[in-house]
Amino acid sequence: MSATEGRETTRTAVLLGPGRIQVQHRALPWPAADEVLIQVTSVGVCGSDTHYYTHGRIGSYAVTAPLVLGHESAGVIVGVGADVDPARIGQRVSIEPGVPCRQCEQCLSGRYNLCPDMVFHATPPVDGSLSEVIAHHHAFAHPVPEEVGDDAAAMVEPLSVALWSCRKAGIGPGDRVLVTGAGPVGLLCAQVARVAGAAEIVVADVNPHRLATAAAHGATETVDAREVSFGDLYAGRPAPHVLLECSGHPGSTLSGIRSLAPAGRAVLVGMGGDTLEVPLSLVQERELLVTGVFRYANTWPTAIALVAAGRVRLEGLVTGHFRLEETAEALTAATDDPRAIKSMIHPQT
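Keep in mind the model is a prediction, meaning the values are calculated, not measured. (Residues numbered from 1 in each chain as written. Predicted model: local features only at pLDDT ≥ 70, side-chain atom pairs only at ≥ 80, totals over all residues. Heavy atoms only, no water.)

A. Looking closely at the overall build of the chain. The secondary structure content of the chain amounts to 11 helices and 19 strands. Its C-alpha atoms give the chain principal-axis dimensions of roughly 70 × 40 × 35 Å. A sequence separation of at least 24 residues applies to 70% of the contacts in the chain between residues at least 6 apart. Seen as two clouds, the 25 positive and the 36 negative side-chain charges of the chain have centres 4 Å apart. (Helix = DSSP H or I, 4+ residues; strand = E, 2+ residues; numbered from the N terminus. Contact = heavy atoms within 4.5 Å. Lys, Arg positive; Asp, Glu negative; His and termini not counted. Charge placed at Lys NZ, Arg CZ, Asp CG, Glu CD.)

The following block contains the structure:
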């Protein structure tokens, strides 16, 4: 069933190659039996989208055919497949962009983010959500209450990265946390760490505007990494229990690890180079735990609840609104404007 009867096409922003975006009219998707049809209202721009647009690849993932970007999205259900309750039509949803197989060892262990057969939006060759209408598995279209706006519903995706990172770090009441990198995920990590009970949340970056934003969104202290080293910062004061490394910068990563207290936990969130020389003797002598994060699992209900309750604020991080025809401008906004944090594309405008 569908509330889009009479429509035959949907406007879609398509990446044809590095630096080439074209808005095309594609055939309107039809939901499979276990899918819903979603009219997309908001799509956030992620650094990975920008990287695909600029370079045409991320690591081993290369754009070799036309690709639809976008994996931070929200919308309204306008149609359902044969096995989905038609009462869901009209429901506002936040879209979890990855659909795992739900049968492999990783899925059955609750780690579905590590599913080897994951189908994830805007990861070649899977199309993303920069379209007026998309089809998606019903279980990964999460209802949102009226307290959560469309842009905030789309930003549940980066919030889920922050929530997963803080879970991996085991942050609890009284912890001292160092967040390196005040991009969208770093800023959200600071907010989630505060909700988890961290007593001290230091955010380091080189962008004054982002540091000011961090101070207004959960940080107890901000540091310009160009002016103060972490060694100087923690000289004569207790070292952090947790490092949330969100910049991907190798120097920041190593300095952050070296600053940790004994038994500290380092969670590597930001994507940097493929390799990093780790100070092994330091890791062994202090019994440090060093781990990475890959997307998230079982985060959406908690993330939505935090936003609905006002415990995490998302709208203040949106610094630009763009039409579908302005996708190219949205993808480069963070590069062009040092005050830009999160750009939002609205396919219905």
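Having seen the structure, we can now continue with the description.
B. The layout of surface pockets, seen in detail. Here the second largest pocket is characterised by a volume of approximately 340 Å³. Around the second largest pocket sit 16 residues that line it, and V206, A225, S247, H249 and S252 are the ones nearest its centre. Counting residues per element, the ones that place at least two in the lining of the second largest pocket are β13 (200–205) and α8 (250–259). Top element by residues in the lining of the second largest pocket is α8. It accounts for three residues. Looking at side-chain class alone, the lining of the second largest pocket contains five nonpolar, nine polar and two charged residues. (1 Å grid on protein atoms, 1.4 Å probe; cavity = no way out; pocket = protein on both sides within 12 Å on 5 of 7 lines; lining within 4 Å. Points joined across faces, edges and corners; volume = space filled by probe spheres on them. Nonpolar A, V, L, I, M, F, W, Y, C, P; charged D, E, K, R; others polar.)

C. Summary view of empty space enclosed by the protein. Scanning the entire structure with this criterion turns up one cavity of 30 Å³ or more. Computed from the structure, the largest cavity encloses a volume of approximately 30 Å³.

D. Layout of α8. All of the buried residues along α8 are S252, T253, L254, G256, I257 and S259. Its buried side turned inward, α8 meets β12 (176–180), α7 (230–233), β15 (242–245), β16 (265–268) and α9 (280–286). (Buried < 20%, exposed > 50% of the residue type's maximum accessible area, 1.4 Å probe, protein only.)

E. View of the sheet that holds β16. Strand order in this open sheet of six strands is β14-β13-β12-β15-β16-β17, and the pairing throughout is parallel. What marks the edges here is a single partner per strand, and that holds for β14 (221–224) and β17 (289–292). Put simply, the sheet's adjacent strands are angled 15 degrees from each other on average, direction ignored. Sheet topology places β12 next to β15; four bridges connect them, and they run parallel. Among the inter-strand pairings, L178 is bridged to a residue of β15, identified as L243. Contacts from helix α5 (residues 184–195) reach β12, β13 and β15 within the one sheet, and its direction differs from that of β13 by about 175 degrees. Helix α6 (residues 208–216) contacts β13 and β14 of the sheet and is inclined by roughly 170 degrees relative to β14. (Pairing = 2+ DSSP bridges. Axes fitted to C-alpha atoms, helices over the stretch in contact; angles between N-to-C directions.)

F. Inspection of the packing of aromatic side chains at higher detail. Under the criterion given, the structure shown has two aromatic pairs. Aromatic side chains Y296 and W300 sit 5.1 Å apart centroid to centroid with 70 degrees between the ring planes, which places their arrangement in the edge-to-face category. Take Y296 and W300: they sit in the same class, and that class is buried. When the ring centre of F120 is taken as origin, the NZ or CZ atom of R295, which lies over that ring, is 3.7 Å away. (Phe/Tyr/Trp six-rings, centres within 6.5 Å; stacked < 30°, edge-to-face > 60°. Lys NZ or Arg CZ within 6 Å of the ring centre and 35° of its normal.)

G. A look at the environment of L306. Looking at where L306 falls in the secondary structure, it is placed in helix α10 (residues 300–308). For L306, a relative accessible area of 13% gives the class buried. For the pair L306 and V192, spaced 114 residues apart in sequence, the C-alpha separation works out to 9.0 Å. If we skip the residues at most four places from it in the chain, L306 touches V195, R311 and V312.

H. Region of the structure containing α10. Buried within α10 we find W300, A303, I304, L306 and V307. An end-on view of α10 places all buried positions within 160 degrees of arc, on one side of the element. In the core, the buried residues of α10 are packed alongside β7 (92–95), β11 (141–143), α3 (150–154), α4 (156–169) and α5. (Arc of directions from axis to C-beta.)

I. Spatial organisation of the packing of α4 against α10. Relative orientation of the contacting elements α4 and α10 amounts to 110 degrees, with a least axis distance of 9 Å. It follows from the interaxial angle that α4 and α10 lie roughly perpendicular. Here α4 contributes V156, E157, L159, S160, L163 and R167 to the contact with α10, which in turn contributes W300, T302, A303, I304 and V307. When the residues that make up the contact of α4 with α10 are grouped by side-chain class, the tally is seven nonpolar, two polar and two charged. (Parallel < 35°, antiparallel > 145°, perpendicular 65-115°, else oblique.)

J. Local environment of the environment of H346. Note on placement: H346 falls in strand β19 (residues 342–346). Along the backbone, H346 and S42 are 304 residues apart, and their C-alpha atoms lie at a distance of 4.8 Å. The contact partners of H346, leaving out residues within four places of it in the chain, are T41, S42, D151, H321, F322, R323 and L324. A distance of 3.4 Å separates polar atoms of two side chains, one belonging to H346 and the other to S42. (Polar contact = N/O pair within 3.5 Å; in protein donor to acceptor, adjacent residues only side chain to side chain.)

Keep in mind these numbers describe shape, not what the thing actually does.
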